[in-house]
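# Coordinate inspection notes
So the chains spell out like this:
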Amino acid sequence: MVAFGKGIEANLGNELTPRQVQNAPQVTWEAKEGALYTLAMIDPDVPSRAYPNLSQGLHWLIVNIPGDDIGKGDVFAEYVGAGPAQGTGLHRFIYLVFRQNGKVSDRSDIRRGFRIDVFAREHGLGTLVAGNFFQAQWHE
């Protein structure tokens with residue numbers, strides 16, 4: 001579940017406005033006791049869905065989350081809300097939760113050229129256990 005408050009939630013591709021998602025949401029999933037998790041929020045549609053480049057927009061990354069208590073995880077990238085550029089159409093903002101195989105510590109140059117598949121492989125992330133997304137486009 002990805003909830004922004006006031007009944008606003010990401011719901012498998014629903015459209016939300018940048019204003020509705022400007023603050024970090026509450027994110028929960030079914031977690032196993034004693035397990036560590038990684039939460040990532042990415043925009044794969046940079047600069048646009050029609051012309052995505054080779055990296056993904058990293059909007060949030062928290063690792064070493066005990067259970068689903070994201071407040072106790074290690075923030076590698078602070079939350080940045082959706083803000084697609086004018087004329088780039090709808091962007092997908094995807095939340096992914098991985099169960100980790102061990103503690104993650106390397107955070108070098110995390111936003112530049114980010115790709116979740118590469119990060120997961122390089123840091124030995126385990127199973128993808130949850131996901132959700134919303135779409136947003138430029139708005140005054």
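Heads up: these notes are all about the structure in this document. (Residues numbered from 1 in each chain as written. Predicted model: local features only at pLDDT ≥ 70, side-chain atom pairs only at ≥ 80, totals over all residues. Heavy atoms only, no water.)

Within the element layout of this structure, His 59 appears in strand 6 (residues 57-66). A distance of 3.4 Å separates the side chain of His 59 from the backbone oxygen of Gly 81, its partner in a polar contact. Once you skip the residues sitting within four places of it in the chain, His 59 turns out to touch Met 41, Ile 42, Asp 43, Glu 78, Tyr 79, Val 80, Gly 81, Ala 82, Phe 93 and Arg 111. (Helix = DSSP H or I, 4+ residues; strand = E, 2+ residues; numbered from the N terminus. Polar contact = N/O pair within 3.5 Å; in protein donor to acceptor, adjacent residues only side chain to side chain. Contact = heavy atoms within 4.5 Å.)

Counting residues in hydrophobic clusters, the biggest one holds 23 residues, and the most contacted among them are Phe 4, Leu 39, Trp 60, Tyr 95 and Phe 134. Sorting the residues of this core by element identifies strand 1 (2-5), strand 5 (36-43), strand 6, strand 8 (91-100) and strand 9 (125-136) as the ones contributing at least two each. In contact with Leu 39, other than residues within four places in its own chain, are Val 27, Trp 60, Leu 61, Ile 62, Ile 65, Ile 70, Tyr 95, Leu 96 and Val 97. With 17 residues, the next largest nonpolar core counts Phe 76, Val 104, Ile 116 and Ala 120 among its residues. (Core = buried A, V, L, I, M, F, W, Y, C linked by side-chain atoms within 4.5 Å. Buried < 20%, exposed > 50% of the residue type's maximum accessible area, 1.4 Å probe, protein only.)

Enumeration according to the criterion identifies four salt bridges in this entry. For Arg 115, the salt bridge goes to Asp 117, with nearest N and O atoms at 3.2 Å. The partly exposed category is assigned to Asp 117, whose relative accessible area is 37%. Connected via shared salt-bridge partners are Asp 45, Arg 49 and Arg 92. (Salt bridge = Lys/Arg side-chain N within 4 Å of Asp/Glu carboxyl O.)

The next thing to look at is the sheet that holds strand 1. Spatially, three strands are ordered 2-1-4 in an open sheet, and the strand pairing comes out antiparallel. What marks the edges here is a single partner per strand, and that holds for strand 2 (8-9) and strand 4 (26-27). Pairing of strand 1 with strand 2 involves two bridges; the strand directions are antiparallel. Residue pairing for strand 2: Ala 3 is matched across the bridge by Glu 9. (Pairing = 2+ DSSP bridges.)

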